[in-house]
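Here is how the chains run, residue by residue.
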Amino acid sequence: MELAHGAYRFELSCWWHKETWTKDVTVAETAMLVREFVDQALAAAQAGAVVPSPRRPVSDTTLQA
């Protein structure tokens, strides 16, 4: 949620713990959090990276008349 004073309210909820955590962050903090998340996701993907082969068209995906 964007707040009036140039910050964002970040809410994280967990169905397992049935809790919600809230934190107000600045635009700079938001950019840093997103950058760190993406960097970690890319690093994790590179650890076991496998380049998939091209997919062939599947003939059974069309509706039969």
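In what follows, the structure referred to is the one given above.
So, here's what we can say about the structure. (Residues numbered from 1 in each chain as written. Predicted model: local features only at pLDDT ≥ 70, side-chain atom pairs only at ≥ 80, totals over all residues. Heavy atoms only, no water.)

Per the stated rule, a full pass over the model turns up one salt bridge. In this structure, R9 and D24 form a salt bridge, with 2.7 Å as the shortest nitrogen-oxygen distance. Here R9 is found in strand 1 (residues 7–14), whereas its partner D24 is found in strand 2 (residues 19–26), with 15 residues between them in sequence. On the basis of relative accessibility, which here comes to 30%, the residue R9 falls in the partly exposed class. Overall, the relative accessible area of 37% leaves D24 in the partly exposed class. (Salt bridge = Lys/Arg side-chain N within 4 Å of Asp/Glu carboxyl O. Helix = DSSP H or I, 4+ residues; strand = E, 2+ residues; numbered from the N terminus. Buried < 20%, exposed > 50% of the residue type's maximum accessible area, 1.4 Å probe, protein only.)

With respect to the helices, strands and loops of the structure, V25 is situated in strand 2. Residue V25 is classed as buried on the basis of its relative accessible area, which comes to 5%. For the pair V25 and Y8, spaced 17 residues apart in the sequence, the C-alpha separation amounts to 5.3 Å. Setting aside residues no more than four positions away along its own chain, V25 makes contact with A7, Y8, T30 and L33. (Contact = heavy atoms within 4.5 Å.)

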